[in-house]
Structure formats: C-alpha cells, structure tokens
Amino acid sequence: MVATIEREAAAVPRPQRTKHELFDCDVHQSIKDYRELHPYLPEAWRKYVGARGFGGPSSGYQTSVGLYRKDVVPPGGGEPGTDPAWLRQQLMEQYNVRYVLLNGGGILGLCALPDEDFASALASAYNDWMAATWLSPEVNIGGRFKGSMMVAPQDPLAAAREIDRIGDHPHFAQVMIASATTAPLGAKQFHPIFEAAERHGLPVAVHPGVEGRAIAGPPTAAGWVSKYIEWHTCLPQQAMSHAVSLVCQGVFVKYPKLKVVFTESGIGWFPHVMWRLDRNYKSLRQEVPWLTRLPSEYMREHMRLTSQPIEEPPTDGQFLSLLEAMDAKQTLLFSSDYPHWDFDNPVEAFRAVPDDLKRRIFYENAAELYANKLP
Amino acid sequence: MTSKKQRHVVAKEDEFKVGARTILKVGGREIGVFHTTAGLFALRNSCPHQAAPLCLGPVTGTTMPSMPGEYIWGMDGQVLRCPWHGWEFDLKSGVGLYDPYKHERVATYEVKVEQGEVVLYA
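Residues numbered from 1 in each chain as written. Chains lettered and ligands numbered in written order. Predicted model: local features only at pLDDT ≥ 70, side-chain atom pairs only at ≥ 80, totals over all residues. Heavy atoms only, no water.

Caption draft 1: Summary view of unusual backbone geometry. Residues Gln308 of chain A and Pro309 of chain A are joined by a peptide bond in cis, for which omega reads -5°. Topologically, Pro309 of chain A is positioned in the loop between strand 7 (303-306) and helix 12 (316-325). A cis amide bond links Tyr338 of chain A with the next residue in sequence, Pro339 of chain A, at an omega value of 0°. For Pro339 of chain A, the location among the structural elements is in the loop between strand 8 (332-333) and helix 14 (346-349). Phi at Ala51 of chain B is positive, roughly 65°, even though this residue is not glycine. Relative to the helices and strands, Ala51 of chain B resides in the loop between strand 4 (39-44) and strand 5 (59-63). (Helix = DSSP H or I, 4+ residues; strand = E, 2+ residues; numbered from the N terminus.)

The structure is reproduced here in structure tokens:
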C-alpha cells in the first residue's frame, strides 16, 4: 500500500481536455545526458568539455519547491521532459494540445557563458541534436513538435549565421535567446539576429531563467535580490526593458516583418508599458523620429506574449480587463511551461475567458505566428 | 451529515506504516490517505488552485510564522504541498497555509485505526 508518487501519477489519469485545440508555446524538453551533444560538437570543444560537462553557471537562486512538477517523471524514470511518448501522453493527449513548441531546458544557460565561441558551438550542437531527435521524422510524428533554435547573443554575427544555416528546417519555428542579455535588445549589436530571423520568417523569442548567472549581470533593475521568490517575481523587468528598447531603437522600422515573443515573462506589464510609452512619445518624439506610429501600435503588431505563469487577479473581471487592455485576442499565446513547477492548466487558468477569445489565445494567435511551419 | 459517511478499510495497520500513502476512489471522489510522522490523515485529491492531483505532492514541514530573518521549522509531517505549484496545506485541517484568512481549505476526512485496520470515514 506504500504508493510512490511516480506510480500514482501513472495510475491516476485526470482527463481535463479542453474542447478547444491548443498550441502550447512553452514546453521544456531536456537532454538526458549532455554527452548526447558530443557528436555535434567540433573536436576542440569536445576536448574542452571533457568529462566535466558544460558548466552551465548557477545564479545561486534556488527554488524551494524544485524545478519540476512532482508528477512528471517518465514511467521509465529519468529527468522530466526526456521521453517524447510520455510528453505526448501527459501533456498533449491530456489537454488536447495539437502543437508544442519545445524550448529546451538548461541549454538556455549558454546565453550567459563568458566564452562566446563556446556558447555558439553549444547552440549549434543543441540545434543539430534537436533535429536528430525530437524533430526527426521518426520521433516527430505528424510534425506536432516544433522547436526553438538556440543562438548565442554574445556573438550576434555567429547567431545570424546559425539562423541562416538551419532557419529553413520545417520544424524549427523560432529563434530563442535568454532574456538576460548584456544590453537591451534594441541595441544595434543585436540587429544581425533580427535581420536573419526576418529573412527566414522566424520570430525571435526571449525566455527568462538565466538572470543573475555569470555575465548576465544583476537579475533585477535594483540589483541583487535575496530570495528565489524575489528573483522570479522580478523577471518581467527584463521583458519591459527589451520591449521599450526594441521599439525606441527602431527595430520594427528596420525589420517590418519581425515578431518578438516574450516567453514566460508575465502579461500585466504590457498595457502599462504601452500606455506609458505612448504618453512619453507625445512629448519626446523628437528623440525617436523614425517612429511614425504610436509605440503601442508597434508593440501590438510585433510583440507576442506567452501566458504562463498567468497573473491571477482576485476577480474574473480584473482578469478579463487585463486581457482586453493587452489586446490578448492578438498578442497572447497559450503556454503551459510543462513540466516545470509553475505549469498552468489551461482548463482552470482560462475558465473565465469567453470561447471566441479562448480560441485566439489557445490556438489561432500561435497558428498565425508560426504559419510558415504548419501544414 | 455524519450518518451518511461510510466506513472504508484502507489497509491493515501493519502494512500502512509511517511514510505510506494511497489514493482511493470513494463515490466519485478521490481521497488521499496518509500515514506521516504526525499521524493519519485523509483529504480530497484536488488542489483548489488549478485542480492538480494534490495528494501526489510531498509531505513535509514548513517555516513557521516568525520575525524577519528568523527561520523556525515546524509542522513536520503535517504539511502537504501541491505537486504542481507547491501550495502548502495543513494535513490536519485541510487549510491552505498560503491563505492569511484561512478561508481556503481542502476537504478532510476522518481516518483512524480500528481493530488493526486503517479505516476511512467518507
């Protein structure tokens, strides 16, 4: 009668299918063992890595509940997110998910490595590993796995070459970098990444998690916080800074087809920044003469936000007002963050949302964004 | 409505030692039964937040209310954390420890040992 968590997880299915199909824009698959990347690394980097692993730096901020949900270990054991069949069963069949965007796990840490050449080599190796495993014809049945390709923002020219190398793969649907960059993303140094992404019709996604590690700098605008709860709550600050910088530096004027996705960075800041930036634009337009429309118009057209961890205001009315204020019918993409600890269940998290808006958030916004990678 | 509660045998006492847990289906409800270092407990297997299977979560203790900078571990074996988001519940009362007003609670059930058997009333 002593039941282990794993056994009970397999034994207690909880059918919670939504009647709407989902496109889950933030799912974390993992590499079982980093030696799986060795075949895709140039020999010099294999020797450098040796037996010590990739040395992804830690920020020291440790979650008190662990990184994963407690019911996501695959039936055969091992790290969550390493078994495609289990991911299909526990996430896609359970919640009626048609497509998942696989955004990687610890690999995001390469964006904070001080050695930009090593970071670029790791990104390429990871992308090749993805193409040979999760995104391969044998594993990717029905083409329902889409992947984010990693690039190293430390070397934007190398990143652009990587996008050119694999950008037309049928299942790499976007470019991924950590939100913890060393400068706000509108800075000219990053423009080669945007130029290449636009050339291949790929959105550029930023994802938090690396804040505070290695060369990433302090994790909040005010400096080094003490607790994981502070670190995690402040992560949207990065997205806010990037959003303002991208608009003001004219990135969407230079690259008018570009889309940027703020993954796992909250949503409540989005109307605030639109309104504040619009107000400032009316006084300070002189500084950014290339902007010929209101800043909020660029944001609504070019920026997308993934939903999880969705804000949970005290009333449904406040939640629906927020969705309206951010123009969710155009800007919001559903994400679950499976198998991480702050996973959102689509049935419960969006209970208050009317069906037509649900369809936009759950599927249509993403299907439009990633249309060139869908049948 | 105590009179409507039914008696369910969960296990033999000597087969349900400290650390044991099981999840039963009782009239359409899933109920988790626990034997922890703090005793026998039973509560509904559904988190009030996003309907996660609450009773799959870890049993632990927690930091008790204290002054800033002071850390006091307590309630060992009496705290159940949701397997998804880590929300904490008092196994005895079902009350959510995150709720300052103690309004939010998970249903709890009577569970005890009778003639060498662990018995649930639900």
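The structure having been displayed, the exposition proceeds.
Caption draft 2: Region of the structure containing helix 3 (residues 84-95) of chain A. Residue and element names in this part refer to chain A. The end-to-end C-alpha distance of helix 3, which contains 12 residues, comes to 16 Å, matching closely the 16 Å that a straight helix rising 1.5 Å per residue would cover. Among the residues of helix 3, Trp86, Leu87, Arg88, Gln90, Leu91, Met92, Gln94 and Tyr95 are the ones counted as buried. At its buried positions, helix 3 is contacted by strand 1 (22-27), strand 2 (97-102), strand 3 (145-150) and helix 14. With its phi angle positive at about 65°, Asn96 sits one or two positions after the end of helix 3. (Expected span 1.5 Å × (residues − 1). Buried < 20%, exposed > 50% of the residue type's maximum accessible area, 1.4 Å probe, protein only. Contact = heavy atoms within 4.5 Å.)

Caption draft 3: Fine view of the sheet that holds strand 3 (residues 29-36) of chain B. All names here are of chain B. Read from one edge to the other, the open sheet built from 3 strands follows the order 2-3-4, with strand pairing classed as antiparallel. Bordering the open sheet on either side are strand 2 (21-26) and strand 4, each of which pairs with just one other strand. Each neighbouring strand pair of the sheet contributes to a mean axis angle of 20°, computed without reference to strand direction. (Pairing = 2+ DSSP bridges. Axes fitted to C-alpha atoms, helices over the stretch in contact; angles between N-to-C directions.)

Caption draft 4: Geometry of the environment of Met326 of chain A. Residues and elements named next belong to chain A. With respect to the helices, strands and loops of the structure, Met326 is situated in the loop between helix 12 and helix 13 (328-331). The class of Met326 is buried, set by a relative accessible area of 0%. When the C-alpha atoms of Met326 and Gly50 are compared, they prove to be 48 Å apart, with 276 residues separating the residues in sequence. Contact partners of Met326, with chain neighbours within four places excluded, come to Ile267, Phe270, Pro271, Met274, Leu305, Thr331 and Leu332.

Caption draft 5: Up close: the interface of chain A and chain B. The interface of chain A with chain B comprises 25 residues on the first partner and 26 residues on the second. Where chain A abuts chain B, roughly 2000 Å² becomes buried across the two surfaces, and 54% of that area is made up of carbon and sulfur atoms. For the interface between chain A and chain B, the tally reads 0 salt bridges. Elements that contribute at least two residues to the side of chain A that touches chain B include exactly helix 1 (5-11) and helix 14 of chain A. Here the side of chain A that touches chain B takes 3 residues from helix 1 of chain A, the largest share from any one element. Looking at the side of chain A that touches chain B, its residues break down into 12 nonpolar, 3 polar and 10 charged. (Buried area = accessible area lost by both parts, 1.4 Å probe. Salt bridge = Lys/Arg side-chain N within 4 Å of Asp/Glu carboxyl O. Nonpolar A, V, L, I, M, F, W, Y, C, P; charged D, E, K, R; others polar.)

Caption draft 6: Representation of the layout of surface pockets within the structure. Residues and elements named next belong to chain A. Reported here for the second largest pocket is a volume of approximately 350 Å³. Along the walls of the second largest pocket sit 15 residues, with Glu312, Pro313, Asp316, Glu348 and Ala349 positioned nearest its centre. Breaking the lining of the second largest pocket down by element, the ones donating at least two residues are helix 12 and helix 14. Here the residues of the lining of the second largest pocket are counted per class, giving 7 nonpolar, 3 polar and 5 charged. (1 Å grid on protein atoms, 1.4 Å probe; cavity = no way out; pocket = protein on both sides within 12 Å on 5 of 7 lines; lining within 4 Å. Points joined across faces, edges and corners; volume = space filled by probe spheres on them.)

Caption draft 7: Up close: the pairing of strand 7 of chain A. All names here are of chain A. The two faces of strand 7 match: Met303 and Leu305 on one face and Arg304 and Thr306 on the other face are all buried. Note that strand 6 (residues 260-262) and strand 7 share 3 bridges and pair parallel. Directly across from Val260, in strand 7, lies its bridge partner Met303. Pairing geometry for strand 7 and strand 8, over 2 bridges, is parallel. Note on strand 8: the bridge partner recorded for Leu305 is Leu332.

Caption draft 8: Spatial organisation of the packing of aromatic side chains. Applying the stated rule across the entire model yields 24 aromatic pairs over all chains. Seen in terms of ring centroids, Tyr61 of chain A and Trp231 of chain A are 6.0 Å apart; in terms of plane orientation they differ by 25°. Their pairing is stacked. Of this pair, Tyr61 of chain A sits in the loop between helix 2 (43-49) and helix 3 while Trp231 of chain A sits in helix 7 (residues 228-233); the two residues are 170 residues apart in sequence, bridging distant segments of the chain. Relative accessible area serves as the criterion here: at 12%, Tyr61 of chain A is assigned to the buried category. Ring plane angle 70° and centroid distance 4.7 Å describe the contact between Phe343 of chain A and Trp84 of chain B, whose orientation is recorded as edge-to-face. In this pair, Phe343 of chain A is assigned in the loop between strand 8 and helix 14 and Trp84 of chain B in the loop between strand 6 (73-81) and strand 7 (88-90), connecting two distinct chains. (Phe/Tyr/Trp six-rings, centres within 6.5 Å; stacked < 30°, edge-to-face > 60°.)

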